[in-house]
Amino acid sequence: MKKIILVFFVLVVCAFCVYSQNDTRTISVTGSGSVRIPADTAKLTFSVITKNSSALKSVQENASKMNKVYDALKKVGIDEKNISTSNYNLYQESIYKDGKSEPGDYVTSNDIVIMLYDVDKSGIVIDTAVAAGVNRMNGISFLVKDSKDALDEARVLAFQQAKEKAELFAKEAGCKLGKVITIMENSGGYSATREIMDAKMVTASNSTMISAGTDAITASVSVVFELE
């Protein structure tokens, strides 16, 4: 009999706990924070493209020009370890004449990537590479080498915004904001989203001027608060 009473008492307590948990009032809000920091790294992609009726001569001419590009870049302070080949192609063009396709010149394309840790040198690097033999620039992008501190700051701002929203809603509802129930970062598998802002490239006084602008580090969170 005592065992039956004890089991009944436990069931009543558990049921009360479940009811209490389900009866808890909460408010769910989101917040976002963004911090802008100067970009400190530039990624430049160049190509040297050569054409010749001979495949061997096309390759040799390309190699000669690319060697000159490497030498010129090293003279302006670019370490060879920061220059890498991203793509290399040799193919024969097709020429359409009188409705027929005929073989054309052999084209060699050598693409290189330069990682530049002094963005102020971007303009000099572009001018140097072109003067040495580069005949195609495939693009330039900017990034921040170490964004951890900025990301943490953005996370704090995101939580503060979420809390301010929750406090406002709670006040309007005649409640008080209680403890935090859950916090979830809204990142889709990534800790932050990065957006390059204000990047510019202009030509002045016969030299290329580059402005890297700033990098926006953004974080977003969803927070559930208890209402008292």
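Counting from 1, residues in each chain are numbered in the order their sequence is written. Given that the model is predicted, a residue must reach a pLDDT of at least 70 before its local features are reported, and side-chain atom pairs must reach 80 or more before they are shown or counted; all residues, however, enter totals for whole chains, interfaces and linings. Remark: hydrogens and water are excluded; side-chain values derive from all non-hydrogen atoms of the structure.

(A) How the structure looks around the overall build of the chain. Scanning the chain for helices and strands turns up four helices and ten strands. Secondary structure of the chain in N-to-C order comes out as α-β-β-α-β-β-α-β-α-β-β-β-β-β. Under the scheme applied here, a residue whose accessible area is under 20% of the maximum for its type counts as buried, over 50% as exposed, and between as partly exposed, the area being computed with a 1.4 Å probe on protein chains only. Considering the chain as a whole, with its 228 residues, one finds that 32% of them fall into the buried category. Roughly 14,600 Å² of accessible area belongs to the chain as shown, and the carbon and sulfur atoms make up 54% of that amount. A run of H or I in DSSP counts as a helix once it spans at least four residues, and a run of E counts as a strand once it spans at least two, with each numbered from the N terminus. Note on areas: Shrake-Rupley, 1.4 Å probe, and residue coverage restricted to the protein chains presented here.

(B) Layout of the nonpolar core. We call a set of buried residues a nonpolar core when its members are Ala, Val, Leu, Ile, Met, Phe, Trp, Tyr or Cys and they connect through side-chain atoms within 4.5 Å of each other. Phe46, Val69, Leu73, Ile112, Ile114 and Val125 are the most contacted members of the largest nonpolar core, which totals 23 residues. When contributions to this core are tallied by element, the ones reaching two or more residues are strand S2 (41–52), helix H2 (55–75), strand S4 (100–116) and helix H3 (122–132). The element contributing the most residues to this core is H2, with five residues. Throughout, a contact is declared for two residues whenever any of their heavy atoms are within 4.5 Å. Here isoleucine 112 is in contact with Leu44, Thr45, Phe46, Met66, Val69, Tyr70, Ile83, Ser84, Thr85 and Ser86, once residues within four sequence places are set aside. Counting eleven residues, the second largest nonpolar core, distinct from the first, contains Ile27, Val29, Ala158 and Cys175.

(C) Layout of the pattern of salt bridges. Salt bridge, as used here: a side-chain nitrogen of Lys or Arg that lies within 4 Å of a carboxyl oxygen of Asp or Glu. For the coordinates displayed, the defined rule picks out six salt bridges. In this structure, aspartate 152 and lysine 148 form a salt bridge, with 3.0 Å as the shortest nitrogen-oxygen distance. Note that aspartate 152 and lysine 148 are positioned in helix H4 (residues 148–172) at a spacing of four residues, about one turn of the helix. On the accessibility criterion, aspartate 152 (27% relative accessible area) is partly exposed.

(D) Structural view of the environment of threonine 50. Residue placement: threonine 50 occurs in strand S2. Classification of threonine 50 by relative accessible area gives buried; the value is 3%. Sequence-wise, threonine 50 and asparagine 62 are twelve residues apart; in three dimensions their C-alpha atoms are separated by 5.6 Å. With sequence-adjacent residues up to four places away left out, threonine 50 is seen in contact with Ser58, Glu61, Asn62, Lys65, Tyr106, Val107 and Thr108. Polar contacts here mean pairs of N or O atoms no more than 3.5 Å apart (in protein, one a potential hydrogen donor and the other a potential acceptor; neighbouring residues in sequence count only if both atoms are side-chain atoms). Within the structure, the side chain of threonine 50 is placed 2.9 Å from the backbone oxygen of serine 58, a separation counted as a polar contact.

(E) Inspection of H4 at higher detail. Multiplying 1.5 Å by the residue count of a helix minus one yields the expected span of that helix. The end-to-end C-alpha distance of H4, which contains 25 residues, comes to 37 Å, matching closely the 36 Å that a straight helix rising 1.5 Å per residue would cover. The complete set of buried residues in H4 reads Ala150, Leu151, Ala154, Ala158, Ala162, Ala166 and Ala170. Buried-residue contacts for H4 involve strand S1 (26–38), strand S6 (177–185) and strand S10 (214–227). Where H4 ends, the next residue or the one after it, glycine 174, has phi of about 75 degrees, a positive value.

(F) Seen up close, the pairing of S10. Here S10 lies mainly inside the structure; eleven of its 14 residues are buried. The rule for pairing is simple: two strands pair if DSSP sees at least two bridges between them. Pairing of S1 with S10, which is carried by 13 bridges, proceeds in the antiparallel orientation. Its bridge partner being in S10, isoleucine 37 is matched across the sheet by aspartate 215. As defined by bridge partners, S6 adjoins S10 across six bridges and the pair is classed as antiparallel.

(G) Just the packing of H2 against H3, in detail. Two elements in contact, H2 and H3, have axes separated by 8 Å at closest approach and are oriented at 150 degrees. Here H2 lies roughly antiparallel to H3, going by the angle between them. Viewed along their axes, H2 and H3 form a crossing whose handedness is right-handed. Mapping the contact onto sequence places Lys65, Lys68, Val69, Ala72 and Leu73 in H2 and Val125, Thr128, Ala129 and Ala132 in H3. Throughout, the ten residues Ala, Val, Leu, Ile, Met, Phe, Trp, Tyr, Cys and Pro are labelled nonpolar, Asp, Glu, Lys and Arg are labelled charged, and all others, Gly among them, are labelled polar. The class makeup of the residues in the contact of H2 with H3 is six nonpolar, one polar and two charged. Here, axes are lines fitted to C-alpha atoms. For helices the fit covers the stretch in contact, and angles between N-to-C directions go from 0 to 180 degrees. For classification purposes, angles smaller than 35 degrees are called roughly parallel, those larger than 145 roughly antiparallel, those between 65 and 115 roughly perpendicular, and all remaining angles oblique. Crossing chirality is assigned from the near helix's rotation relative to the far helix, an anticlockwise turn below a right angle marking it left-handed and a clockwise turn marking it right-handed.

(H) Looking closely at the sheet that holds strand S3 (residues 83–97). Reading across the sheet, the four strands line up as S3-S4-S2-S5 and stay open at both edges, with antiparallel pairing between neighbours. Each of the sheet's edge strands pairs with one partner strand only, and the pair in question is S3 and strand S5 (136–143). Going across the sheet, the axis of each strand differs from the next one's by a mean of 15 degrees, ignoring polarity. Bridge count for S2 against S4 is eleven bridges, and the pairing is antiparallel. Among the inter-strand pairings, lysine 51 is bridged to a residue of S4, identified as valine 107. Running at roughly 150 degrees to S2, H2 makes contact with S2, S3 and S4 of the sheet. Here H3 sits on the sheet in contact with S2, S4 and S5, set at roughly 5 degrees to S2.

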